[in-house]
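Listed below, chain by chain, are the residues.
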Amino acid sequence: SVAFGARWGGDCHWNELSETKYAQLMPFYPILHQYKVGDIYSNEDMLQRLGDRSVLEGPFFKEWVEPAGLCDTIGGVVMDVPSRGRFGVFNLLLPASRGIATPRDLEICRLLAPHIRRAVTIGDLLGMRTMAGRALDMVLDSLANSVFVTDGERRVVYANRAGLDLAARRTHLV
């Protein structure tokens, strides 16, 4: 399946069509796994790896890329964690009025990629921490016993559901 984490810019109509219809027709998905974290690519590079230029005559290019006024994509792999089923890329869509990617564009992508990768990794780790925190909350809330976590001054910084119930019934806890 395809998931879009973020999208900036572009025409809303074409963005929606991409997500609802044409993303699943994108011909490069079968070869994206060949790229490693840090690799940079363009349409030409992906076409060479795919070994089939006839995709340029297919619906993805003829019904979406060209009518949307696009001519090239440059991007790179920013995450590949097979054990968690995570694979992430960033793409910059180039308008036809600008022309295809140049070697300078690809070099700029190479310079940006580590920073984008770092931001994606931090976001992913924060998401994992949030999920782990929710899982721990669920486990602690399922306990019949009260659980309180206190700081260095013995102030309660966390209480599970049973602890909150106990605190609501008593005015003073030792």
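One can find the structure itself at the top, above this paragraph.
Residues numbered from 1 in each chain as written. Predicted model: local features only at pLDDT ≥ 70, side-chain atom pairs only at ≥ 80, totals over all residues. Heavy atoms only, no water.

A. Representation of the sheet that holds strand 3 (residues 86-95) within the structure. The sheet built from three strands is open, its strands ordered 1-2-3 with antiparallel pairing. Each end of this open sheet is capped by a strand with a single partner; those strands are strand 1 (40-42) and strand 3. Mean inter-strand twist for the sheet, computed between neighbouring axes without regard to direction, equals 20 degrees. Bridge count between strand 2 (residues 70-81) and strand 3: ten bridges; the pairing is antiparallel. Counterpart to Thr 73 in the pairing with strand 3 is Leu 93. Docked against the sheet, helix 3 (residues 43-50) engages strand 1 and strand 2, running at close to 90 degrees with respect to strand 1. (Pairing = 2+ DSSP bridges. Helix = DSSP H or I, 4+ residues; strand = E, 2+ residues; numbered from the N terminus. Axes fitted to C-alpha atoms, helices over the stretch in contact; angles between N-to-C directions. Contact = heavy atoms within 4.5 Å.)

B. Structural view of helix 1 (residues 12-22). Regarding helix 1, the residues found buried are Trp 14, Asn 15, Ser 18 and Tyr 22. When helix 1 is viewed along its axis, its buried side chains cluster within an angular range of 110 degrees and face the same direction. In helix 1, the exposed positions that point more than 90 degrees away from the buried face belong to Cys 12, Glu 16 and Thr 20. Contact partners of the buried residues in helix 1: helix 4 (59-65). (Buried < 20%, exposed > 50% of the residue type's maximum accessible area, 1.4 Å probe, protein only. Arc of directions from axis to C-beta.)

C. Region of interest: the pattern of salt bridges. Overall, the coordinates contain seven salt bridges when judged by the stated rule. A salt bridge links Glu 66 to Lys 62; the nearest nitrogen and oxygen atoms lie 3.2 Å apart. Relative accessible area serves as the criterion here: at 36%, Lys 62 is assigned to the partly exposed category. One continuous salt-bridge network, built from bridges that share partners, spans Glu 57, Lys 62 and Glu 66. (Salt bridge = Lys/Arg side-chain N within 4 Å of Asp/Glu carboxyl O.)

D. How the structure looks around the packing of aromatic side chains. Applying the stated criterion across every chain yields a total of four aromatic pairs. Between the aromatic rings of Phe 60 and Phe 61, the centroid separation amounts to 5.3 Å while the plane-to-plane angle is 85 degrees, which identifies the pairing as edge-to-face. The same class applies to Phe 60 and to Phe 61, which are both buried. Feature note: the residues Phe 28, Phe 60, Phe 61 and Trp 64 constitute an aromatic cluster, connected by ring pairs. (Phe/Tyr/Trp six-rings, centres within 6.5 Å; stacked < 30°, edge-to-face > 60°.)

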